[in-house]
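As a plain string of letters, each chain reads:
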Amino acid sequence: MLRSSSLLSRRPGRLALAAVLAVTLPAATLLAAAQSASAATSVITISPTTTGTSLTAASAGLSFEAYDLTLPGFASGDLATYLDTLSPSSVIRIGGNTVDETFWTSTGATAPSWSIGTITPADLAALGTLAKASGWKVILGVNLKEYNAASAANEAQYAQRDLGSSLEAIEIGNEPDLYSQYESDPAQFPIDFQSYVSAIEAAAPGVPIEGDDLAGAPDDSFQSAFITSQQKLASPEINQLTSHFYPLTSSTCGGNPTVAELLGTSVRDAESDEAEEAVTAAAKLDVPAVLDESNSVVCEGQAGVSNVYAAALWEIDDQLVMARDGLAGDYMHGTVEECGSAKPLYMYYTPLCAPTATDATEGLLAAQPEYYGLAAVHDVGTGQFLNLSNPVWADVRAYAVEHTNGTMTVVLDDIDNPSTTGSTTVQLDLGASFSHASQVALTASGGLTATSGITLGGQTVQSDGTLAAPTTTSFAVSGDTATVTVPAGSAQIITFSN
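Parameters at a glance
- Residues numbered from 1 in each chain as written.
- Predicted model: local features only at pLDDT ≥ 70, side-chain atom pairs only at ≥ 80, totals over all residues.
- Heavy atoms only, no water.
- Helix = DSSP H or I, 4+ residues; strand = E, 2+ residues; numbered from the N terminus.
- Buried < 20%, exposed > 50% of the residue type's maximum accessible area, 1.4 Å probe, protein only.
- Areas by Shrake-Rupley, 256 points an atom, 1.4 Å probe, with all protein chains shown as cover.
- Lys, Arg positive; Asp, Glu negative; His and termini not counted.
- Charge placed at Lys NZ, Arg CZ, Asp CG, Glu CD.
- Polar contact = N/O pair within 3.5 Å; in protein donor to acceptor, adjacent residues only side chain to side chain.
- Pairing = 2+ DSSP bridges.
- Axes fitted to C-alpha atoms, helices over the stretch in contact; angles between N-to-C directions.
- Contact = heavy atoms within 4.5 Å.
- Right-handed = clockwise from strand over helix to strand, strands pointing away.
- Parallel < 35°, antiparallel > 145°, perpendicular 65-115°, else oblique.
- Nonpolar A, V, L, I, M, F, W, Y, C, P; charged D, E, K, R; others polar.
- Salt bridge = Lys/Arg side-chain N within 4 Å of Asp/Glu carboxyl O.

Asks: Would you mind showing me how to read the overall build of the chain here?
Replies: Assigned secondary structure in the chain consists of twelve helices and 23 strands. Principal-axis analysis of the C-alpha atoms places the extent of the chain at approximately 70 × 50 × 45 Å. Within the chain, the proportion of its 498 residues that are buried is 57%. Total accessible area on the chain is roughly 17,500 Å²; 52% of this is exposed by carbon and sulfur atoms. Here the chain contributes 15 positive and 54 negative side-chain charges, whose respective centroids are spaced 6 Å apart.

Here it is in structure tokens:
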């Protein structure tokens, strides 16, 4: 069971103008933008100081169910191309609920009755091929709920052989704080975890371990006890502290999520709180904090919320706020199953799915709305976050990233509903002088509930996973101020340079 909404159980949140330039992509609004530029009342002030946090190539990753490894098309189709489109090198996490419902064998043993699928060395070899083809690293989950340290160690041994340097870490179990044996006796978990670590280290020396992949809050008692057990060791057994987060709960699990709620300030505050708590917890062990499983709505998502264009705008904000607040990774859970097929193996929030059952067998995928949000984050580029003040953050989420080549990218993510709200004009106080800018827009012709007609810089993701270079609008900048009009329901990615 994936962790339910923190919103249900935790607190809601928290110079000289050389030239004024109104910029917007849609030509129809260009004149209005120019006319309103001088009347702009909201100023987003970007500081030349950094937050101390970064957007990296590995900030946005993907998570899949362990059962997906048993599917014939998982590694043999076009997933590698879709991964490469998002990043030259990020992380695939193989885990989820089915990590404890799948059986590993390297000897052809018969699967027990609790297993829904069998993972073999051939599956790990195929995973290794996928990792090498895409440049992505792998976190591989091993079964803890059905306790068998020797089997987990054997799987780690094969993973080390077949993935080599592509193996980021072994994940021991999935959401162990929800296991009945640990709910009744939480002190047993650190003992079992260390037994697994010892077995894995003996079978696959040097393989990194991550943990503890909990469903609860990063600062809850289960996590605190695990951290305390790790602090008692000469050095932590884990290379990163991991947890899961879904801000909303689907109607099948008792929630009533809406697009307005997903894009609202309470969800945004909860995400920021989650990141800060995870970073604080991980700092006690001097390791990075990672959400290695995350998405919009727990219990496989919500139709009309998780699988529409609004989720792309949410994705941009979620990824950037998590990275800005210090998370080393935020991995979106999803599937390669047929689009719209039965839960729980199909999730409405998935970035990818196969259009038909035949496509699923062959591993031929299609980009979903959320994938476009991830692609937009990739288009921002890597770099350090800059401090900024944003008086209109409830409507327009703003971020500034400074790149090593001296350029700066500003993201303006207008989460307002275009059917009820007009454009928002803001003045950017850039904190430095620039002479040139180029702009890319994420838009959808059908508004927040669109499932098609989504473009990034005028381009759509092709059926093979490729995405052509976005079309940019270039313009001159003179000075350290620009006025920008952002259409409701769009994200503008503007890179300033000299």
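Asks: Explain the environment of T70 here, please?
Replies: Tracing the backbone through its elements, the reader meets T70 in the loop between β3 (60-65) and α2 (79-86). For T70 and L124, which are 54 residues apart along the polypeptide, the C-alpha to C-alpha distance reads 9.7 Å. Of note is the side chain of T70, whose polar atom sits 2.7 Å from the backbone oxygen of Y67.

Asks: How should I be thinking about the sheet that holds strand β10 (residues 241-245) in this particular structure?
Replies: Through backbone hydrogen bonds, the strands of a sheet pair up, either in parallel or in antiparallel fashion. With respect to topology, eight strands assemble into a closed barrel ordered β3-β4-β7-β8-β9-β10-β12-β14, the strand pairing being parallel. Averaged over all pairs of adjacent strands, the angle between strand axes in this sheet comes to 25°, irrespective of strand direction. Strands β7 (137-142) and β8 (167-172) of the sheet are contacted by helix α4 (residues 149-163), whose axis makes an angle of about 165° with β7. Here helix α6 (residues 188-203) sits on the sheet and contacts β7, β8 and β9 (209-214); the angle it forms with β9, its principal contact strand, is near 155°.

Asks: Whenever I open this one, α2 confuses me. Can you help?
Replies: One turn of the α-helix equals 3.6 residues, which is why residues spaced by three or four share an orientation. With six of eight residues buried, α2 is to be regarded as a mostly interior element. Within α2, burial applies to L79, A80, Y82, L83, T85 and L86. Where α2 is buried, its residues contact β3, β4 (91-95), α3 (121-134), β15 (352-353), β16 (366-367) and α12 (369-380).

Asks: What is the right way to look at the pairing of β8 in this model?
Replies: Both faces of the sheet carry side chains from a regular strand, because those side chains alternate between them. Within β8, five of the six residues are buried, leaving the element largely enclosed by the surrounding structure. Bridge count for β7 against β8 is five bridges, and the pairing is parallel. Along β8, the bridge assignment pairs G141 with E171. A crossover connection joins β7 to the parallel β8 through α4; in handedness this β-α-β unit is right-handed. In the sheet, β8 pairs with β9 via two bridges, with the strands oriented parallel. The partner of E171 across the bridge, within β9, is E210.

Asks: Honestly, the packing of α2 against α12 in this entry has me stumped. Any pointers?
Replies: If you want to describe how two helices pack, look at the angle between their axes and the distance between the axes. Relative orientation of the contacting elements α2 and α12 amounts to 45°, with a least axis distance of 8 Å. Of the possible angle classes, the one that applies to α2 and α12 is oblique. Taking contact as the criterion, the partners of Y82, T85 and L86 in α2 are, on α12, Y371, L374, A375 and H378. Residues belonging to the contact of α2 with α12 are distributed by class as follows: five nonpolar, two polar and no charged.

Asks: Quick question: what am I supposed to make of the pattern of salt bridges here?
Replies: Here the idea is simple: oppositely charged side chains can pair when their charged atoms come close. Within this structure, the stated rule accounts for eight salt bridges. Put simply, R93 and E171 hold a salt bridge, and the shortest N to O gap is 2.8 Å. Of this pair, R93 sits in strand β4 while E171 sits in strand β8, and the two are 78 residues apart along the sequence. Considered together, R93 and E171 belong to a single accessibility category, that of buried residues.

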